[in-house]
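# Observations on chain architecture
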Amino acid sequence: MSRIIFWLALVFLVIFAVRSKIREAQKRHQQQFREPQQPAGGARAGAKVAAEAETMLQCAHCGIFYPASESVQARGRDYCSAAHATLPAA
Ligand SMILES: [Zn+2]
């Protein structure tokens, strides 16, 4: 009788161990599933950035390219900053 109890306990332990291993594997599988979704979200964010992309202008003083919304116009030319707009033309 004690042998039967021993084998039953062993079987339950094995089942418990296998179940916990399966849960770990499922968690890893879900994480692997989430990881490819992050680049997809990144692609969506990239598309959003591309949609929000605006024209770039070149500063008449230093030559740097900057978004047109940050443009400072002076003397009919575009500058990257108010500091460069106030500087005498080179
Ligand atoms: Zn500049």
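On a predicted model such as this, the values are computed, not experimentally measured, just so you know. (Residues numbered from 1 in each chain as written. Predicted model: local features only at pLDDT ≥ 70, side-chain atom pairs only at ≥ 80, totals over all residues. Heavy atoms only, no water.)

### Describing the overall build of the protein
Helices and strands together make up the secondary structure of the protein, namely 2 helices and 4 strands. Taken from N to C terminus, the helices and strands of the protein fall in the order α-β-β-β-β-α. Out of the 90 residues belonging to the protein, those deemed buried represent 8%. Element-wise, carbon and sulfur atoms account for 63% of the exposed surface of the protein, whose accessible area totals about 7,700 Å². (Helix = DSSP H or I, 4+ residues; strand = E, 2+ residues; numbered from the N terminus. Buried < 20%, exposed > 50% of the residue type's maximum accessible area, 1.4 Å probe, protein only. Areas by Shrake-Rupley, 256 points an atom, 1.4 Å probe, with all protein chains shown as cover.)

### Focus on the coordination of the zinc ion
In the first shell of the zinc ion, the protein supplies Cys59 (SG), Cys62 (SG), Cys80 (SG) and His84 (ND1), at 1.9 to 2.3 Å from the metal. With 4 donor atoms in place around the zinc ion and angles of 97 to 122 degrees between them, the coordination shape is tetrahedral. For the zinc ion, the single-chain donor residues occur in sequence as C-x2-C-x17-C-x3-H. Within this pair, whereas Cys62 is found in the loop between β1 (56–58) and β2 (65–67), its partner Cys80 is found in the loop between β4 (77–79) and α2 (82–86), the two being separated by 18 residues in sequence. Judged by its relative accessible area of 39%, Cys62 falls in the partly exposed class. Overall, Cys80 belongs to the buried group, its relative accessible area being 18%. (Donors = N, O, S within 2.8 Å, 3.2 Å for Na, K, Ca; no water. Tetrahedral: all angles 85-135°; square planar, octahedral: opposite > 155°, others 65-115°.)

### Focus on the nonpolar core
Residues Cys59, Tyr66, Ala74, Tyr79, Cys80 and Ala85 constitute the largest nonpolar core, which totals 6 residues. Apart from residues no more than four positions distant in its own chain, Tyr79 is found in contact with Cys59, Ala60, His61, Tyr66, Glu70, Ser71, Val72, Ala74, His84 and Ala85. (Core = buried A, V, L, I, M, F, W, Y, C linked by side-chain atoms within 4.5 Å. Contact = heavy atoms within 4.5 Å.)

### Comments concerning a nonpolar patch on the surface
Together, Phe6, Trp7, Leu10, Val14, Val18 and Ile22 line one region of the surface with nonpolar side chains, adding up to about 580 Å² of accessible area. Looking at where Leu10 falls in the secondary structure, it is placed in helix α1 (residues 2–52). Of the residues examined, Leu10 reaches a relative accessible area of 34% and is grouped as partly exposed. (Patch = residues over 30% accessible without salt bridge, like charges linked within 9 Å, V, L, I, M, F, W, Y side chains within 5 Å. Salt bridge = Lys/Arg side-chain N within 4 Å of Asp/Glu carboxyl O.)

### Observations regarding the pattern of salt bridges
Here the idea is simple: oppositely charged side chains can pair when their charged atoms come close. As enumerated under the stated definition, the model contains 1 salt bridge in all. With a closest N to O distance of 3.6 Å, Arg28 and Glu24 form a salt bridge. Of the two residues, Arg28 and Glu24 are both situated in helix α1; the distance of 4 residues between them amounts to about one turn of the helix. Assessed through its relative accessible area of 53%, Arg28 is described here as exposed. Residue class for Glu24 comes out partly exposed when judged on its relative accessible area of 40%.

### Considering the packing of aromatic side chains
When we look at a pair of aromatic rings, we describe it by the centre distance and by the angle of the planes. Evaluation of the coordinates by the stated rule reveals 1 aromatic pair. Pairing Phe6 with Trp7 gives two aromatic rings, centres 5.4 Å apart and planes at 75 degrees, and the pair type is edge-to-face. Among the residues examined, Trp7 registers a relative accessible area of 51% and is labelled exposed. (Phe/Tyr/Trp six-rings, centres within 6.5 Å; stacked < 30°, edge-to-face > 60°.)

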